[in-house]
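Topology and contacts: notes
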Amino acid sequence: MASKSIAISGCELPQLSWSRVSLFKPLNWIGSLNTARRDVWFGAIRAEVSQSVDRTVTNVSGKLQKDFSSFPRPLTVADFSADPDDGMKVRISYKGLPGSYSEDAALKAYPKCETVPCDEFEEAFKAVELWLADKAVLPIECSIAGSIHRNYDLLLRHRLHIVGEVQLSINLCLLAMPGVRTEYLKRVLSHPQVLDMSDIFLSKLSVARESVDDAAGAAQYIASNELRDAGAVASRRASEIYGLNIVAENVQDDSDNVIRFLVLARDPIIPRADKLYKTSIVFTLDEGPGVLFKALAVFALRDINLTKIESRPQRKQPLRVVDDSNTGSAKYFDYLFYIDFEASMAEPRAQNALGHLQEFATFLRVLGCYPTNTIAL
């Protein structure tokens, strides 16, 4: 039996032809064969055709295997976890310039990520919403300066979900142009909070302080203008990026300076109950005696540990008018309450606690359920 080939979708498949018997001639002669000889003849044909088909399938599978390997693999439940995947090239938006502490936090969570700098916190949110980035990393509280209230407000304004957290130990460095010593400096530039964190050190230098929007931006400004009378308080990475020397390290007043960052994404992750999870919520309450106590009691009754409580006046309706029969009308701030608690939404106790809270909360929203930070500082 001879074979020819035809191309189908880039693969060659054999086309059978017969050297001993022409398929285009009448096959009436087969009828003249006895039953035994017909069975032998058809059996030989079936065996040969089967071998040809097997060879064809093997060749096709081999040639398509490389193409199939390039297709995206199907998603599984494991893909919806917040565990960093060093091999996954994700785009992370953050506020600031390259070398900022927010970028350090993004690289700590996703060492091989592509970082996307943004001018403002809100632009980092929008970058994820508009699919310009996969996730955003934004600071939410500092062990020295306290909560970053702007980002609490943006969490409520935007519909991103918290999928992780990162705790970053901060090392404030005094940077200057190569060859410049501290006695040459007349001024130091950095973010206002960074300048406040290094107040004692800067006071000893007797230098003027200039506030800028970003610590890494201060380093970039000095390097680009080759300023030899100015220094910047910024990160170690900023010195490497902008070619500055580290004049002094750990210039912060408090050596234990930690910033907690949130990782935000368009979609929530599927919570699990096999390891420690944290859940963040925001809610409002009606006016009444003991109502906040009742709200917090729903967690205590179920042995759920609260790790963070933050209150913010409602921006759209900050004041609430209360009619007191003894003193007349009074105006009070109407608050939003942000709470972090240690429990997964996959646990019945967390579900029951939120169900109980809904009985007297006028508004309740789950901001995210995510693994507790376990990355070493």
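Residues numbered from 1 in each chain as written. Predicted model: local features only at pLDDT ≥ 70, side-chain atom pairs only at ≥ 80, totals over all residues. Heavy atoms only, no water.

1. So, the sheet that holds strand 11 (residues 230-234)
For clarity, the cut-off: Paired strands, in this sense, are two strands between which DSSP finds at least two bridges. A run of H or I in DSSP becomes a helix once it reaches four residues, and a run of E becomes a strand once it reaches two; helices and strands are each numbered from the N terminus. With axes taken as lines fitted to C-alpha atoms, and helix axes fitted only over the stretch in contact, angles between N-to-C directions fall between 0 and 180 degrees. Note on contacts: a residue pair qualifies if any of its non-hydrogen atoms lie within 4.5 Å across the two residues.
Here we have five strands laid out as an open sheet, ordered 10-9-11-8-12, and mixed in their pairing. Strands at the two margins of the open sheet, each flanked by one partner only, are strand 10 (208-211) and strand 12 (245-248). With strand direction ignored, the average angle separating the axes of adjacent strands in the sheet is 35 degrees. Where helix 7 (residues 215-225) meets the sheet, it contacts strand 8 (173-176), strand 9 (187-190) and strand 11, and its direction lies at approximately 150 degrees from that of strand 11.

2. Side note on the sheet that holds strand 19 (residues 361-371)
Pairing between the strands of a sheet is mediated by backbone hydrogen bonds and can be parallel or antiparallel. Taken in spatial order, the four strands of this open sheet run 15-18-14-19, and their pairing is antiparallel. The sheet terminates laterally at strand 15 (305-313) and strand 19, the two strands that pair on one side only. The average undirected angle you get between the axes of adjacent strands in this sheet is 15 degrees. The sheet contact formed by strand 14 (residues 277-285) and strand 19 spans nine bridges and is antiparallel. Residue pairing across strands places Ile 281 opposite Val 366, the latter belonging to strand 19. Packing of helix 9 (residues 291-300) onto the sheet brings it into contact with strand 14, strand 15 and strand 18 (335-342), and relative to strand 14 it is tilted by some 160 degrees.

3. Considerations on the nonpolar core
Burial of nonpolar side chains together is a common tendency in soluble globular proteins. Rules: Joining through side-chain atoms within 4.5 Å is the link that ties buried Ala, Val, Leu, Ile, Met, Phe, Trp, Tyr and Cys residues into a set, and such a set is a nonpolar core. When accessible area is computed with a 1.4 Å probe and restricted to protein chains, residues below 20% of their type maximum are described as buried, those above 50% as exposed, and intermediate ones as partly exposed.
Formed by 74 residues in total, the largest nonpolar core has its most connected members in Leu 155, Leu 172, Ala 219, Val 233, Leu 244 and Leu 264. In this view, Val 233 contacts Leu 172, Cys 173, Leu 174, Val 188, Leu 189, Ser 190, Val 194, Ser 198, Leu 202, Ala 215 and Val 251; residues no more than four positions away in its chain are not counted. The next biggest cluster of nonpolar side chains, apart from the first, holds 17 residues, and it includes Phe 299, Ile 304, Phe 337 and Leu 354.

4. Observations concerning the pairing of strand 18
Counting buried positions along strand 18 yields six of eight residues, so the element is predominantly enclosed. The sheet contact formed by strand 14 and strand 18 spans five bridges and is antiparallel. Across the sheet, the residue bridging to Phe 283 is Phe 337, located in strand 18. With eight bridges connecting them, strand 15 and strand 18 associate as antiparallel partners. Bridge pairing in strand 18 places Pro 313 opposite Tyr 335.

5. Section: helix 10 (residues 348-357)
Note the following rule: The reported arc concerns the directions from the helix axis to the C-beta atoms and nothing else.
Those residues of helix 10 that fall on the buried side of the exposure criterion are Ala 350, Ala 353, Leu 354 and Leu 357. Down the axis of helix 10, the buried side of the element spans an arc of 95 degrees, and every buried residue falls inside it. Looking at the buried residues of helix 10, the elements they touch are strand 14, helix 9, strand 18 and strand 19.

6. Details of unusual backbone geometry
In most cases, non-glycine residues show a negative phi, while peptide bonds are predominantly trans. Phi at Trp 131 takes a positive value of approximately 65 degrees, unusual for a residue other than glycine. With respect to the helices and strands, Trp 131 occurs in the loop between helix 3 (121-129) and strand 5 (135-142). With a phi angle near 50 degrees, Glu 226 is a residue other than glycine that sits in the positive phi range. With respect to the helices and strands, the residue Glu 226 is situated in the loop between helix 7 and strand 11. Judged by relative accessible area, Glu 226 falls into the exposed class, the value being 58%.

7. Quick notes on the packing of aromatic side chains
Keep this limit in mind: We call Phe, Tyr and Trp rings a pair once their centres come within 6.5 Å, taking the six-membered ring for Trp, and we label the pair stacked below 30 degrees between planes, edge-to-face above 60, and tilted otherwise. For a ring to carry a charge above it, either NZ of a lysine or CZ of an arginine must fall within 6 Å of the ring centroid while also lying within 35 degrees of the normal to the ring plane.
Tallied over the entire structure, the rule returns four aromatic pairs. Relative to Phe 337, the ring of Tyr 335 has its centre 6.3 Å away and its plane inclined at 45 degrees; by these criteria the two rings are tilted. Taken together, the ring pairs in this structure connect Phe 283, Tyr 335 and Phe 337 into an aromatic cluster. The ring of Phe 121 is capped by Lys 95, whose NZ or CZ atom sits 5.3 Å from the centre of that ring.

8. Looking at the pattern of salt bridges
Test applied: By definition here, a salt bridge exists when the distance from a side-chain nitrogen of Lys or Arg to a carboxyl oxygen of Asp or Glu is within 4 Å.
Evaluation of the coordinates by the stated rule reveals 20 salt bridges. Residue Asp 213 is joined to Lys 95 by a salt bridge in which the shortest nitrogen-to-oxygen separation is 3.3 Å. One end of the pair, Asp 213, is in the loop between strand 10 and helix 7; the other, Lys 95, is in strand 3 (residues 91-95), with 118 residues separating them in the sequence. Residue Asp 213 is classed as partly exposed on the basis of its relative accessible area of 46%. Here Arg 181 makes a salt bridge to Glu 183, at a shortest N to O gap of 2.6 Å. Residue Arg 181 is classed as partly exposed on the basis of its relative accessible area of 46%. Three or more residues joined by partner-sharing salt bridges are found here, namely Glu 141, Glu 165, Arg 260, Lys 278, Lys 308, Glu 310 and Asp 340.

9. Remarks on the pairing of strand 14
With respect to burial, strand 14 is a largely interior element, nine of its nine residues being buried. Side chains of strand 14 alternate between two faces, with Tyr 277, Thr 279, Ile 281, Phe 283 and Leu 285 and Lys 278, Ser 280, Val 282 and Thr 284 buried alike.

10. Brief notes about the environment of Ala 265
Relative to the helices and strands, Ala 265 resides in strand 13 (residues 258-265). Overall, Ala 265 belongs to the buried group, its relative accessible area being 7%. Note: C-alpha distance between Ala 265 and Glu 129 (136 residues apart in sequence) is 8.4 Å. When neighbours within four sequence positions are excluded, Ala 265 is seen to be in contact with Val 128, Asp 134, Lys 135, Leu 160, His 161 and Val 163.

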